[in-house]
Amino acid sequence: MNRKELEERLQKELNLPFYRAKIAERDYTEAEYQDMKAQLNKDYLDYVDTYIDYAENDV
């Protein structure tokens, strides 16, 4: 899949409609996509745990 297909698939599967990544313009394998998806999901969950929960408890 190309960069545009990869970005659209990440937006849809992770429910991030406004996600715009700086992804190199090349073809990606399914394994590369799965790795990128897993890392993005982990980064998002880490962000929520670190910043969102902290902000809610800081009030």
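Residue positions are given per chain, counted from 1 along the sequence in the order it is written. Residue-level local features of this predicted model are given only where pLDDT is at least 70; pairs of side-chain atoms are given and counted only at 80 or more, and the full residue set underlies all totals for whole chains, interfaces and linings. Where side-chain values are given, they derive from all heavy atoms of the structure, hydrogens and water being excluded.

1. A closer look at the nonpolar core
Core analysis: the biggest nonpolar cluster contains 8 residues, these being Leu6, Leu10, Leu14, Ala21, Ile23, Tyr28, Tyr33 and Leu40. For this core, the secondary structure elements donating two or more residues are α1 (3–13) and α2 (30–57). Here, two residues are considered to be in contact whenever any of their heavy atoms come within 4.5 Å of each other. Beyond its immediate sequence surroundings of up to four residues, Tyr33 is in contact with Met1, Leu6, Arg9, Leu10 and Glu13. Buried Ala, Val, Leu, Ile, Met, Phe, Trp, Tyr and Cys residues form a nonpolar core when they are joined through side-chain atoms within 4.5 Å. Only protein chains enter the accessibility calculation, which uses a 1.4 Å probe; a residue is then buried when its area is under 20% of its type maximum, exposed when over 50%, and partly exposed in between. In this description a helix means any DSSP run of H or I spanning at least four residues, a strand means any run of E spanning at least two, and both kinds are numbered starting from the N terminus.

2. A short note on the pattern of salt bridges
A pair is scored as a salt bridge if a Lys or Arg side-chain nitrogen falls within 4 Å of a carboxyl oxygen belonging to Asp or Glu. Applying the stated rule across the entire model yields 8 salt bridges. Close ionic contact of Glu25 with Arg3 constitutes a salt bridge, the shortest N to O distance being 3.0 Å. Taken together, the positions of Glu25 in the loop between α1 and α2 and Arg3 in helix α1 put the pair 22 residues apart, joining distant regions of the chain. What makes Arg3 partly exposed here is its relative accessible area of 24%. The residue Glu30 makes a salt bridge to Arg9 at a minimum N-O spacing of 2.9 Å. On the criterion of sequence distance, the pair formed by Glu30 in helix α2 and Arg9 in helix α1 is long-range, its members being 21 residues apart. The network of salt bridges with common partners includes Arg9, Glu13, Glu30 and Lys37.

3. A look at unusual backbone geometry
Residue Asn15 is not a glycine yet carries a positive backbone phi of 55 degrees. The topology assignment puts Asn15 in the loop between α1 and α2.

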